[in-house]
Amino acid sequence: MTTTPAHSHRTGTEDETLPARAAALVPLLRANAARTEEGRRVVDENIEALTGAGLFRLTVPKRFGGHEADVRTFLQVGSELARGCASTAWVATLVNVCNWMVGLYPERAQQEVWGADPHAKVCGVLAPNATSKAVDGGQLVSGRWGFASGSLHSQWASLGIPVVDASGTQTDQGAALIPMEELTLEDTWYVAGMRGTGSNTLVADEVFVPDHRILSVTQAVQGNYATEHKDETLYRSALVPVLALVLAAPQVGMARAGMEVVTGSLAKGKGISYTFYERAADSPSTQIQLAEAAHLIDTAELHLMRAAGDIDDWAAKGEYMPFTTRARVRMDTGYVARRSREALDLLLSIQGAGSFAEVSPLQRIWRDQETAGRHAVINPAIATELYGRALLGIEEQVTPLI
């Protein structure tokens, strides 16, 4: 069930078709999920299908032929794709959110990314794992950025850097927009889950980044963006709530994928070993666990869509989301991940030990969800702590990313 909050925003018929386009690709993604995992990258057929459906252009400005879809639509697409393949959904999500970030840069930078290639994809890592040197007109950057999801399919990267002055003193934290051809990609992504995301390491060795391609992260966290197009609602959305919340959408989709596998198995007459139940569906324990799992998924989605509606609402009003609400969206993100994992745990119990057979898609969904749900920005414990501090008015916080 998909619940539409009364306050949610839709930007038109086109937005309404985008989740349907994603849903139509689920059978293809599902069929290619094992190959994507085995190859440790999203298969080309999936990339081509998403490109053809326009699903890598959800957050590209309409000025460049993109959809400029609202956050709610963005999340619905990510959740739908994850029903088919979590790794594909994750790559699509990260590329789209990095494309959204490009919409915050000055027009000149946006033109460099999309002017010559309207289909250019952007990956990114916000952590400033680099050193910088101030030079005439910009910064000379060296660094290593791990976990760069989507880097195998992107033409640009937005990477966290310290911004320094001529004396070497750090004056700001920035996000440097760099062509992939100026970076080296190291194959470092060997993991138990989300193997297909190809989240490898990007390396820069004294790469020059001009000032207009460096976004101030400290300013952006406060809602001060460099784009000249202040009338574009999507690019008034609150930075950290967007960057965090989009990571929760695939969590819901993975849980729904697990639900589909289990209900399909029950419909075929699966029994319960070492009991008198020839059909597990006849067991009250199965019925109760299934209902609880479905309710947890709905609960996760309700929080996901409420938070998305809040982001869209504040952007539409032209007001930056208040601090406490931004903190709550961080908690919503972790809450969605927790409830989705709990739902899948119940579904695994219904399916039994057979869930972990290599031929079962459930074991891949489980590994993917356990991995993705522990992204540092999702961390439910940290999110709960920072929200509690915000509610109490405690000024000292545990992270600047709120």
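Everything discussed here concerns the structure shown above.
Report on the accompanying structure. Nothing here was measured: the structure is a model prediction, and the numbers come from that model.

Some thoughts on the overall build of the protein
Across its full length, the protein holds 12 helices and 8 strands. Taken against the 2.2 N^0.38 rule, which gives 21 Å for 402 residues, the C-alpha radius of gyration of the protein at 21 Å falls within 12% of a compact globule. Put simply, the protein has 402 residues, and 56% of those count as buried. Long-range contacts, defined here as pairs at least 24 residues apart, represent 73% of the contacts in the protein between residues at least 6 apart. Looking at the protein as shown, the accessible area adds up to about 16400 Å², and 54% of this sits on carbon and sulfur atoms.

Notes on the environment of Pro 162
If you trace the backbone, Pro 162 turns up in strand E4 (residues 156–164). Taking C-alpha positions, Pro 162 is 31 Å from Leu 75, a pair spaced 87 residues apart along the chain. Ignoring sequence-local partners within four residues, the contact set of Pro 162 consists of Pro 128, Ala 130, Thr 131, Ser 132, Gln 139, Gln 170 and Asp 172.

Side note on the pairing of strand E3 (residues 138–148)
A regular strand places its side chains on the two faces of the sheet in alternate fashion. Taken together, the 6 bridges between strand E2 (residues 130–135) and E3 define a ladder with antiparallel strand orientation. Looking at E3, one finds that Thr 131 is bridged to Ser 142. Taking the residues between adjacent antiparallel strands as the criterion, E2 and E3 are bridged by 2 residues, where Gly 137 takes a positive phi near 85 degrees. Across 8 bridges, E3 lies against strand E7 (residues 200–210) in antiparallel orientation. Paired with Arg 144 across the two strands is Val 203, which belongs to E7.

A few points about the sheet that holds E2
Adjacent strands of a sheet pair through backbone hydrogen bonds, lying either parallel or antiparallel. The strand order E2-E3-E7-E6 describes an open sheet built from 4 strands, whose pairing is antiparallel. On the outer flanks of this sheet lie E2 and strand E6 (184–186), each paired with one strand and no other. Each strand of the sheet is rotated relative to its neighbour by a mean of 15 degrees, with strand direction disregarded.

Digging into the pattern of salt bridges
All told, the structure shown has 20 salt bridges when counted by the stated rule. Arg 144 is paired through a salt bridge with Glu 186; the nearest N and O atoms lie 2.9 Å apart. Residue Arg 144 is found in strand E3, and its partner Glu 186 is found in strand E6; the two are separated by 42 residues along the sequence. Residue class for Arg 144 comes out partly exposed when judged on its relative accessible area of 43%. The class of Glu 186 is partly exposed, set by a relative accessible area of 29%. Ionic pairing is found between Asp 332 and Arg 306, a salt bridge with its closest N-O pair at 3.1 Å. Note that Asp 332 is positioned in helix H10 (residues 323–351) and Arg 306 in helix H9 (residues 284–317), a separation of 26 residues in sequence. For Asp 332, a relative accessible area of 4% puts it in the buried group. If you follow the salt bridges from partner to partner, you end up with Arg 30, Glu 80, Arg 83 and Glu 260 in one network.

Quick notes on the nonpolar core
In a soluble, globular protein the nonpolar side chains are often hidden away together inside. Formed by 96 residues in total, the largest nonpolar core has its most connected members in Leu 55, Leu 75, Leu 81, Val 97, Trp 100, Leu 239 and Leu 304. Broken down by element, the residue count for this core peaks at 12 residues, all from helix H4 (residues 86–102). Ignoring any residue separated from it by four or fewer positions in sequence, one finds Trp 100 in contact with Thr 59, Tyr 225, Leu 234, Tyr 235, Ser 237, Ala 238, Leu 239, Val 242 and Leu 243.

A short note on helix H12 (residues 380–392)
Over its 13 residues, H12 runs 18 Å from end to end, which matches the ideal 18 Å to within 8%, given 1.5 Å per residue. If you check which residues of H12 are buried, you get Pro 380, Ala 383, Leu 386, Tyr 387 and Ala 390. Seen from one end, H12 has its buried residues packed into an arc of 130 degrees, which puts them on one side. Along H12, exposed side chains directed more than 90 degrees from the buried face belong to Ala 381 and Leu 392. Of the surrounding elements, those touching the buried residues of H12 are H10. Two or three places before Ala 381, at the opening of H12, Asn 379 has a side-chain oxygen 3.0 Å from that residue's backbone nitrogen.

Rules and cut-offs
Residues numbered from 1 in each chain as written. Predicted model: local features only at pLDDT ≥ 70, side-chain atom pairs only at ≥ 80, totals over all residues. Heavy atoms only, no water. Helix = DSSP H or I, 4+ residues; strand = E, 2+ residues; numbered from the N terminus. Rg over C-alpha atoms; globule rule 2.2 N^0.38 Å. Buried < 20%, exposed > 50% of the residue type's maximum accessible area, 1.4 Å probe, protein only. Contact = heavy atoms within 4.5 Å. Areas by Shrake-Rupley, 256 points an atom, 1.4 Å probe, with all protein chains shown as cover. Pairing = 2+ DSSP bridges. Axes fitted to C-alpha atoms, helices over the stretch in contact; angles between N-to-C directions. Salt bridge = Lys/Arg side-chain N within 4 Å of Asp/Glu carboxyl O. Core = buried A, V, L, I, M, F, W, Y, C linked by side-chain atoms within 4.5 Å. Expected span 1.5 Å × (residues − 1). Arc of directions from axis to C-beta. Polar contact = N/O pair within 3.5 Å; in protein donor to acceptor, adjacent residues only side chain to side chain.

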